[in-house]
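Commentary on secondary and tertiary structure
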Amino acid sequence: TTPGDAAMTLAPCAVPSIDTACLQKVVPFTFTFLDPDAVRVTGFFPLSEYVTGRTRIDVQVKNLPANLAPAQVILDFAGRSNATCQSADQSRGVLTFEIP
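Residues numbered from 1 in each chain as written. Predicted model: local features only at pLDDT ≥ 70, side-chain atom pairs only at ≥ 80, totals over all residues. Heavy atoms only, no water.

**Description of the environment of Lys 62**
Tracing the sequence through the fold places Lys 62 in strand β4 (residues 55–62). Residue contacts for Lys 62: discarding those within four places in its chain leaves Pro 36, Ala 38, Val 39, Arg 40 and Thr 42. (Helix = DSSP H or I, 4+ residues; strand = E, 2+ residues; numbered from the N terminus. Contact = heavy atoms within 4.5 Å.)

Here you go:
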């Protein structure tokens, strides 16, 4: 499947076009197929913290480039502040930051 949006429908019958009662229950939606080779964040750890600042956060990344230098990556906190990556473990796909 090519990455991108695909229009789909979900129905409670095998062939909704021949079942008028089923046609009224069809739910259309858009599904986005993601590029399997794209760099993508898959998670954060910890998810929450009780300390303000100076907290380590690990970011799990899928398809992390092998030649990535930590200084090339910045974690932006909704425009309020940002942190430069302190280390990158390409074998595990983990970037480590310190929340300011």
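**Concerning the state of the cysteines**
Within this structure, the stated rule accounts for 1 disulfide. A disulfide bridge connects Cys 13 with Cys 22, and the sulfur atoms are separated by 1.8 Å. On the sign convention where negative means left-handed, the S-S torsion of about -90 degrees between Cys 13 and Cys 22 marks this disulfide as left-handed. Look at Cys 22 and you get buried, because its relative accessible area is 3%. (Disulfide = S-S within 2.5 Å. Buried < 20%, exposed > 50% of the residue type's maximum accessible area, 1.4 Å probe, protein only.)

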